[in-house]
Amino acid sequence: MRGTKAIVIKFDKETCRPCPVRDQCTRSKTGGRTLSLQPRELQEVLDHARLQQGDEQWRAKYGTRAGIEGTIHQAVAVTGMRRARYLGLQKTHLEHVFSAVALNLIRLDAWWNGHPLDRTRVSHLARLDLSLAA
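Given the structure is predicted, the values throughout are model-derived calculations rather than measurements.

Considering helix α4 (residues 56-79)
And step 1. Taking 1.5 Å of rise per residue, 24 residues should cover 34 Å, and α4 covers 34 Å from first to last C-alpha, within 8% of that figure.
And step 2. Turning to α4, the residues buried within the fold contact α5 (89-113).

Okay, structure coming up:
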């Protein structure tokens, strides 16, 4: 499991196939169920972290982080801010200021026109269907 020590238990497909609750255990259509057991210390840390995620204070803090990450993603996707186009601190700073202004204008336009900024994933088939309808 990606470099971590784990005990992997694989059930035989003949054992799992006749089980009446098979669809609650595995999504596999042909094989049996596979369980991965983490070391006790790691599992206890994961359980504690998952327990904290149910707290409203944690959710509010994570919501702030998600908003910041969304802003960074938008800046990278729209303006390509991962790499500066110019050499020198002054030119790079000016590029970042122009990028920030451009993002603010895009957001204002979306807000004024009532278009949400979040882009939900659209499958290739749905995109094809939308293009045929137009």
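Observations concerning the pattern of salt bridges
And step 1. Inspection of the entire model under this criterion finds two salt bridges.
And step 2. For Arg-85, the salt bridge goes to Glu-95, with nearest N and O atoms at 3.1 Å. Of this pair, Arg-85 sits in the loop between α4 and α5 while Glu-95 is found in helix α5, placing the two residues ten residues apart along the sequence.

So, α5
And step 1. Here α5 is 25 residues long and its end C-alpha atoms lie 36 Å apart, about the 36 Å a rise of 1.5 Å per residue gives.
And step 2. Every buried residue of α5 is accounted for by Thr-92, Glu-95, Ser-99, Leu-103 and Ala-110.
And step 3. Those residues of α5 that are buried lie in contact with α4.
And step 4. Of the residues one or two after α5, Gly-114 is the one with positive phi, at around 75 degrees.

Points about the packing of aromatic side chains
And step 1. Going through the model one piece at a time under the given rule, you end up with one aromatic pair.
And step 2. The interplanar angle of 10 degrees and the centroid separation of 5.2 Å between the aromatic rings of Trp-58 and Tyr-62 together place this pair among those described as stacked. In this pair, Trp-58 and Tyr-62 are both assigned in helix α4, four residues apart and thus about one turn of the helix distant.

Quick notes on the confidence of the model for the protein chain
Regions with low pLDDT carry predicted coordinates that are not meant to be interpreted in detail.
And step 1. Within the protein chain, residue pLDDT values average 83, and 93% of them lie at 70 or more.
And step 2. By mean pLDDT, helix α6 (residues 124-133) is the weakest element of the protein chain at 70, and α5 is the strongest at 91.

Observations concerning the side chain of Gln-74
And step 1. Its location among the elements puts Gln-74 in helix α4.
And step 2. When sequence neighbours within four positions are dropped, the list of residues in contact with Gln-74 reads Thr-79, Leu-103, Ile-106, Arg-107 and Leu-117.

Some points on a nonpolar patch on the surface
And step 1. There is a patch of nonpolar side chains on the surface, built from Leu-94, Val-97, Phe-98, Val-101, Leu-105, Leu-108, Trp-111 and Trp-112 and spanning about 900 Å² of accessible area.
And step 2. Examined against the element boundaries, Trp-111 turns out to sit in helix α5.

The rules behind these values
- Within any chain, residue numbers begin from 1 and follow the written order of that chain's sequence.
- Only residues with pLDDT of at least 70 are given local features in this predicted model, and only at 80 or more are side-chain atom pairs given and counted; all residues enter the totals for whole chains, interfaces and linings.
- For side-chain calculations, the full set of non-hydrogen atoms in the structure is used, while hydrogens and water are omitted.
- Counting from the N terminus, the helices are DSSP H or I runs at least four residues long and the strands are E runs at least two residues long.
- To estimate how far a helix should reach, multiply one less than its number of residues by 1.5 Å.
- In what follows, a contact means two residues having at least one pair of non-hydrogen atoms within 4.5 Å.
- For this document, the term salt bridge refers to a Lys or Arg side-chain nitrogen within 4 Å of an Asp or Glu carboxyl oxygen.
- Only protein chains enter the accessibility calculation, which uses a 1.4 Å probe; a residue whose area is less than 20% of its type maximum is buried, one above 50% is exposed, and one in between is partly exposed.
- Pairs were defined over the aromatic rings of Phe, Tyr and Trp, the Trp ring being its six-membered one, requiring ring centres within 6.5 Å. Orientation was assigned from the angle between planes: stacked under 30 degrees, edge-to-face over 60, tilted for the rest.
- Per-residue confidence from the predictor is reported as pLDDT, which spans 0 to 100.
- Each patch is built from salt-bridge-free residues with over 30% relative accessible area, joining like charges within 9 Å and nonpolar side chains (Val, Leu, Ile, Met, Phe, Trp, Tyr) within 5 Å.
- The method behind every accessible area is Shrake-Rupley, applied with a 1.4 Å probe, and residues are considered shielded solely by the protein chains displayed.

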